[in-house]
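Inside the fold
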Amino acid sequence: MEHKEQEVYAPRDRKQSHYDKRLILRVVKEVEAGLPRKEANRIYELGKSCLYNWMRKYGSRDYQQNVKRKSYTNLQKRTVVTAIEQGRMSIKEAQTAYGVKNEKIIRNWLAQYKVEKVELCIITEPVMAKKTKPFITAQAEALQKALEEAELKIKALNTLIDVAEEQLKIDIRKKSGARQS
């Protein structure tokens, strides 16, 4: 019959006192072996930030690399949003193609860029208006064409700014609320 020795850890006197280092290392090892964090928090009566800090401080390099959050550049986000808005991809397809963890992230990007997009003014004629003359129609078409060109320029400039920010590692766009001296 095999006798497994039970490890004894120094008890905590009060909530503010530190945990035994052996207990910390044991918990970290168990989480790395596959124990869910929520379960570890429940079993050892830990707070979320406590276990998070232990994993960051004592976790193996492999574990930390696998858990690391992925960040996306503005250019990557804009590429995904453009592909969806143009109908080339669904949200699910974009998620798979670009390696985005879940759909909610993409939906947030869609909402974010929708707010940034320039609102288009739709010209509507008043109900009682007389028929327009050919000169006014030609003028409206010219304005419409100029508006479309301006929208393309805005899109191109936004893309250029994103590329420049990514490659030069500087913030070009003015942040709201930023003070200038």
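Notes on the structure follow. Since the structure is predicted, the reported quantities are computational estimates derived from the model, not experimental observations. (Residues numbered from 1 in each chain as written. Predicted model: local features only at pLDDT ≥ 70, side-chain atom pairs only at ≥ 80, totals over all residues. Heavy atoms only, no water.)

Another aspect to go through is the overall build of the chain. Helix and strand content of the chain: eight helices and zero strands. Out of the 181 residues belonging to the chain, those deemed buried represent 19%. The contacts in the chain between residues at least 6 apart in sequence include a share of 46% that link residues at least 24 apart. By element, 55% of the accessible surface of the chain is carried by carbon and sulfur atoms, the whole surface being about 15900 Å². (Helix = DSSP H or I, 4+ residues; strand = E, 2+ residues; numbered from the N terminus. Buried < 20%, exposed > 50% of the residue type's maximum accessible area, 1.4 Å probe, protein only. Contact = heavy atoms within 4.5 Å. Areas by Shrake-Rupley, 256 points an atom, 1.4 Å probe, with all protein chains shown as cover.)

Once that is clear, we can look at the packing of helix α1 (residues 21-32) against helix α2 (residues 37-44). The axes of two packed helices give the description: the angle between them and the distance between them. Taken N-terminus to C-terminus, the directions of α1 and α2 make an angle of 150°; their axes are 10 Å apart at the nearest point. With respect to their mutual orientation, α1 and α2 come out roughly antiparallel. Seen from above, α1 lies across α2 with right-handed handedness. Here Leu23, Arg26, Val27, Glu30 and Val31 of α1 come into contact with α2, specifically with Arg37, Ala40 and Tyr44. Its residues assigned to classes, the contact of α1 with α2 shows five nonpolar, no polar and three charged. (Axes fitted to C-alpha atoms, helices over the stretch in contact; angles between N-to-C directions. Parallel < 35°, antiparallel > 145°, perpendicular 65-115°, else oblique. Left-handed = near helix turned anticlockwise from the far one by under 90°. Nonpolar A, V, L, I, M, F, W, Y, C, P; charged D, E, K, R; others polar.)

A few words on the environment of Asn53. When you line up the elements, Asn53 lands in helix α3 (residues 48-58). By relative accessible area, Asn53 is classed as partly exposed at 34%. Of the polar contacts made by the side chain of Asn53, one reaches the side chain of Arg56; its length is 3.3 Å. (Polar contact = N/O pair within 3.5 Å; in protein donor to acceptor, adjacent residues only side chain to side chain.)

So, on to the environment of Arg107. Mapped onto the secondary structure, Arg107 falls in helix α7 (residues 103-116). Relative accessible area serves as the criterion here: at 45%, Arg107 is assigned to the partly exposed category. In the structure, Arg107 is positioned 16 residues away from Ile91 in sequence and 8.0 Å away in space, judged by C-alpha atoms.

Applying the stated criterion across every chain yields a total of six salt bridges. Between Arg78 and Asp162 there is a salt bridge, and its shortest N-O distance comes to 2.6 Å. Remark: Asp162 occurs in helix α8 (residues 134-168) and Arg78 occurs in helix α5 (residues 74-85); sequence separation between them is 84 residues. Like Arg78, the residue Asp162 is buried in the burial classification. The salt bridge involving Arg107 is made with Glu103; its shortest N-O contact spans 3.1 Å. Residue Arg107 and its partner Glu103 are located together in helix α7, separated by four residues, close to a single helical turn. Overall, the relative accessible area of 24% leaves Glu103 in the partly exposed class. Through salt bridges that share partners, Lys92, Glu103 and Arg107 make up one connected network. (Salt bridge = Lys/Arg side-chain N within 4 Å of Asp/Glu carboxyl O.)

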